[in-house]
Amino acid sequence: MGTRLELLLTRRSFLGHVALGSAVGLLAACGGSEAEESGQQGAAPTTSATDGGEATTVSPSTETGGATTATLIIAQDTDAVTMDPMMTHTSETFVVLENMFEPLVNWGADGELVPVLAETWEQVDDTTIEFKLRSGVTFHNGEEVTADTVKFSFDRVLVPEIVSPATAYFKRAGIAATVVDPSTIRVTTSGPYAATLPTLTQAYIVPPGYLEEVGPEKFAQEPVGTGPYKFGEWVKDQRVVLERNDDYWGGAPQIQTATFRPIPEPTSRLAALEVGEVDFISNVPLDNASQVEEGADTKLVVRDGSHLYLGLQQLRPPFDDQRVRQAVNHAVDVESIISGLMQGRVTRLPGAVFPGTLGFDPALTPYAYDPERASQLLTEAGYPDGFDTELFYAPNLGGTSKLKELAEVVAEELKAVKINVKLTSLEIAAFNQRVSTGDYPMYFYVWTSPAAAAQYLELLFSSKTRGWYYQNPDADQLIDQYFATLDDQQREDVGLELNQFLFEEAPWLFMFQYPYGYGLRNNVSWDGQPSFVRAINIATIEKS
C-alpha cells in the first residue's frame, strides 16, 4: 500500500480529467474584480500589498531531504470559525482542518475512495463494513489511534451539541461502530446504505484522551489530530498557522509552515498574490482569471466548482404550488445569463442531479425560457396578478462570482411575470443562520462536496434529514430506494427516475456550476486534486 501522498497524487480518472479540462476552458479567457490582514509565522518578512509599501518576496526554502523549510501563505475569503472538525459546516474552515484531521477513508485524486486511517476494509454484508486500522498511527500529542478511538469519534458525531456534516447522515442511516479488537472496527447501518463510505469521509477521528483532558472549548482552540500538519496558532481574523508533522505516518510533506490568512476582498487577495505577499489564493473571480493566468509571476489552477441553485421555500405559499416553482424556471433566461453575465464560463445544470452522480441524465432538456408559459402557470395557480417575495443571498458566498449582479438579473426577469422580488444581502454568518432556520422564500446557495457521493440528494431533498424547505413523501421514497440500492446499475436506474421527478417538482430554479479558480505564485506547484472545492491538501503542494 502506498503512502498517503502517493494515494492523493494518483492518476485522475477519465471523468475527472474531462471535468478539469472543461473547467480550464471555461475560465481561460477572463478579465475584472472582487476578500485582508497580514501576519505569518516562520516566513520571511513581507510588506503588505494593501499598505502601499514595496513588497518583498518570501526567501527561497532550504532543502533538507524530502521536507524543506519552505513556508506557504494561503489567502481565503474568510477565517476559520473553529478548530473542531465536528463543530462546523463551512468550507473555508474545512480547508484548514482537513490538513490536521483525518477520517478512515477519503476521496483520492481520481475521484475514488482511498484508505486513510483505515488500511483496508471489507463489506461483510449489506449492512456491515469491517475496517482494519493502520498500525502505529498516533495523534500529534502521541496518543495512539485504536478501534476505541474510532468508536469514540463516531459516537461523538451523534452528541446533540455536535454540528458535524456527518451527523444527519449518521442518523439517517443508523450508523454505529463496534470494536472487534484494538485494530478492527465494524461499522453497521440500520439497512443497506450506498453512501456509508462517503459519509465516513466526513467523520474525523479525534483523540478521546486529549479531548476529555482539555474539554471541548479548549479543543476547539488548540486541536490535536493525526494529519500531515499540526496546529501552530490561531489569531482570530488574522491567521491560522500549521506546522509540518515530521512523524506523519504517510511521510513528512515538503512545506514546513503553512499560514491561512483571511482576505475577504477579492481585489486585495489578488494584489497580495501579485506582489508575493501570499503564495496561493482561493476563489479567483471569473473576471480576474486571465489576469492571474497571464501574470508574470502567477498562474491559474482550475478545478470543478460549486453547484449554484436558487432554493424555493416549498413549505408555505406561494412556492408550495408546483406550478409556481415551474413558472419561476420558465421566467428566467438562464442561457442568456450564462452567455452574458457569466461570459460563457459556467456550465448549466438542467436539474437537481449533478454531473458525476449516478442518475445524472445528460439528455435532460432544461426548462425553456418562456415568460408566456410562466404567466399561464401563475394564473392556473391562482396568482394572475403575481405576488411579492424576497430573495436572500450572501455576495461572497464561497465558490461564487457575481452573485449580486445575478440576483438583480433574476429579480428583473421575474418582475416581467409580475413576481416582485425584494433583494436582501446578508453577511455570510447571518445568511447561513437564516438558511438553517428555513426563514426565507427564496435564496441562492451552493453545493461544494463531491457529486459522486450523491449525499446532497438526501440532505437537500429528504424530509428525513434537513427538510428545511422541501418535503415530499414520493421524493422520500425514491431517495430511500436510491440509497438502499448497492448495485450501481440498479442505483443509476433509480437515480434517473429521481432526477426526472425532481425536475418536474422544480424545488429550485436550476442554475449552473462554476469553475473554481486558484491563483498560485510560479514557484508553487499543485495540480488541484482531488477535484472538489473544499480540499486544499498542503501535503500535495511543493514550493521551490
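Fair warning: this is a prediction, and the values are worked out from it, not measured in the lab. (Residues numbered from 1 in each chain as written. Predicted model: local features only at pLDDT ≥ 70, side-chain atom pairs only at ≥ 80, totals over all residues. Heavy atoms only, no water.)

### Details of the confidence of the model for the protein chain
Averaged over all residues, the pLDDT of the protein chain equals 87, while 87% of them reach at least 70. This stretch, residues 1-65, has a pLDDT under 50; its non-local contacts, to residues over four places away or in other chains, come to 162 contacts. (pLDDT = per-residue confidence, 0-100. Contact = heavy atoms within 4.5 Å.)

### Concerning the pattern of salt bridges
Evaluation of the coordinates by the stated rule reveals 22 salt bridges. A salt bridge links Lys-402 to Asp-287, with the shortest nitrogen-to-oxygen separation between them at 3.1 Å. Highlighted residues: Lys-402 in the loop between strand E16 (387-393) and helix H13 (403-415) and Asp-287 in the loop between strand E13 (280-281) and helix H9 (289-293), separated in sequence by 115 residues. Just as Lys-402 is buried, Asp-287 falls in that class too. (Salt bridge = Lys/Arg side-chain N within 4 Å of Asp/Glu carboxyl O. Helix = DSSP H or I, 4+ residues; strand = E, 2+ residues; numbered from the N terminus. Buried < 20%, exposed > 50% of the residue type's maximum accessible area, 1.4 Å probe, protein only.)

### Considerations on unusual backbone geometry
That bond from Pro-317 to Pro-318 is cis: its omega, 5°, falls within 30 degrees of zero. Relative to the helices and strands, Pro-318 resides in the loop between strand E14 (298-312) and helix H10 (322-331). Although it is not a glycine, Asp-237 adopts a positive phi angle of roughly 65°. With respect to the helices and strands, Asp-237 occurs in the loop between strand E10 (229-235) and strand E11 (239-244). A positive phi angle, close to 60°, is found at Lys-402, a residue other than glycine.

### A short note on the packing of aromatic side chains
Considering all chains together, one arrives at 30 aromatic pairs under this definition. Seen from their ring centres, Phe-101 and Phe-219 are 6.0 Å apart, and the 65° between their planes marks the pair as edge-to-face. On the criterion of sequence distance, the pair formed by Phe-101 in the loop between helix H3 (91-97) and strand E4 (105-107) and Phe-219 in helix H7 (residues 208-219) is long-range, its members being 118 residues apart. Of the two residues, Phe-101 and Phe-219, neither departs from the other in class, the shared state being buried. Between the aromatic rings of Phe-512 and Tyr-514, the centroid separation amounts to 5.3 Å while the plane-to-plane angle is 80°, which identifies the pairing as edge-to-face. With relative accessibility at 2%, the residue Tyr-514 sits in the buried group. (Phe/Tyr/Trp six-rings, centres within 6.5 Å; stacked < 30°, edge-to-face > 60°.)

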